[in-house]
Amino acid sequence: MKADTFQTNLMNLQSNLLNFAYMLTSNRDDAYDLLQDTTLKALNNQDKYTDNTNFKGWVFTIMRNLFINNYRRASRAATIVDTTENLYHLNLSQDSGLTAPEGSYTAQEITDAINEFSDDYRIPFSMHVAGYKYNEIAAKMNLPLGTVKSRIFFARKKLQERFADYNN
């Protein structure tokens with residue numbers, strides 16, 4: 001294919017490529033960057049394109065491969081290598097709640113909140129936290145399974161409401 005025909009065909013695909021890039025990235029700026037990278041790569045590899053090959057498919061494959069490579073590169077860059085003694089950072093919970101002082105609360109505060117519940121909510125919730133299964137709690141308390149699930153759900157909801165200010 002001649003260079004001018006190649007460039008014309010490539011420019012005619014720009015809107016389709018932009019739509020595809022946006023679908024892949026879900027971000028306008030990233031889509032434009034991917035479109036630009038794809039266009040440059042296609043122009044730099046023009047000699048590798050063979051006639052009687054689906055041009056549109058060839059260019060879209062370049063874009064898809066660039067996206068995958070960039071995604072993998074970003075994933076590797078986000079990987080943290082812990083070189084501390086005893087792998088301290090690796091063993092920390094990712095959501096430890098200790099990023100800010102207001103994000104941490106004591107187990108005693110949670111226990112006190114649970115103890116304020118009536119027995120109807122406190123007992124099934126405490127049993128659930130201790131590891132009992134719903135059907136075991138229902139049998140122990142002589143309650144229907146749905147009632148046990150509801151009480152545990154509402155107890156959890158009350159805790160979330162009580163400690164909602166800690167999440168902000």
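As a reminder, the structure under discussion sits directly above these lines.
Residues numbered from 1 in each chain as written. Predicted model: local features only at pLDDT ≥ 70, side-chain atom pairs only at ≥ 80, totals over all residues. Heavy atoms only, no water.

(A) Local environment of the pattern of salt bridges. Enumeration over the complete set of coordinates arrives at 3 salt bridges. Arginine 122 is paired through a salt bridge with aspartate 119; the nearest N and O atoms lie 2.2 Å apart. Of this pair, arginine 122 and aspartate 119 both sit in helix 7 (residues 119–130), 3 residues apart, which is roughly one turn of the helix. Given the relative accessible area of 23%, arginine 122 is considered partly exposed. Between aspartate 120 and arginine 151 there is a salt bridge, with the nearest N and O atoms lying 4.0 Å from each other. Taken together, the residues span a long stretch of sequence, with aspartate 120 in helix 7 and arginine 151 in helix 9 (residues 145–162) at a distance of 31 residues. (Salt bridge = Lys/Arg side-chain N within 4 Å of Asp/Glu carboxyl O. Helix = DSSP H or I, 4+ residues; strand = E, 2+ residues; numbered from the N terminus. Buried < 20%, exposed > 50% of the residue type's maximum accessible area, 1.4 Å probe, protein only.)

(B) Inspection of the packing of aromatic side chains at higher detail. Applying the stated criterion to the full structure yields 9 aromatic pairs. Where tyrosine 49 meets phenylalanine 55, the ring centres are 5.3 Å apart and the plane angle is 90°; that geometry is what we call edge-to-face. Residue classification places tyrosine 49 among the buried positions, given a relative accessible area of 8%. Among the residues examined, phenylalanine 55 registers a relative accessible area of 9% and is labelled buried. On the basis of an interplanar angle of 70° and a centroid distance of 5.4 Å, the ring pair of phenylalanine 153 and phenylalanine 154 is categorised as edge-to-face. By relative accessible area, which is 43% here, phenylalanine 153 ends up partly exposed. These aromatic residues form a ring-pair network of at least three members: Phe6, Tyr49, Phe55 and Trp58. Here the guanidinium or amino end of lysine 158 rests over the ring plane of tyrosine 121, the centre of that ring lying 4.2 Å away. (Phe/Tyr/Trp six-rings, centres within 6.5 Å; stacked < 30°, edge-to-face > 60°. Lys NZ or Arg CZ within 6 Å of the ring centre and 35° of its normal.)

(C) Region of interest: helix 3 (residues 28–44). Taking 1.5 Å per residue, 17 residues should reach 24 Å; helix 3 reaches 24 Å between its end C-alpha atoms and fits that length. Buried within helix 3 we find Ala31, Leu34, Leu35, Thr38, Thr39 and Ala42. The buried residues of helix 3 occupy an angular sector of 135° when projected down its axis, which confines them to one face. Seen from the buried face of helix 3, the exposed residues on the opposite side, beyond 90 degrees, are Asp29 and Asn44. Against helix 1 (3–12), helix 2 (14–25) and helix 4 (55–78) lie the buried residues of helix 3. For helix 3, the capping residue at the N-terminal end is asparagine 27, with a side-chain oxygen 2.9 Å from the backbone nitrogen of aspartate 29. (Expected span 1.5 Å × (residues − 1). Arc of directions from axis to C-beta. Contact = heavy atoms within 4.5 Å. Polar contact = N/O pair within 3.5 Å; in protein donor to acceptor, adjacent residues only side chain to side chain.)

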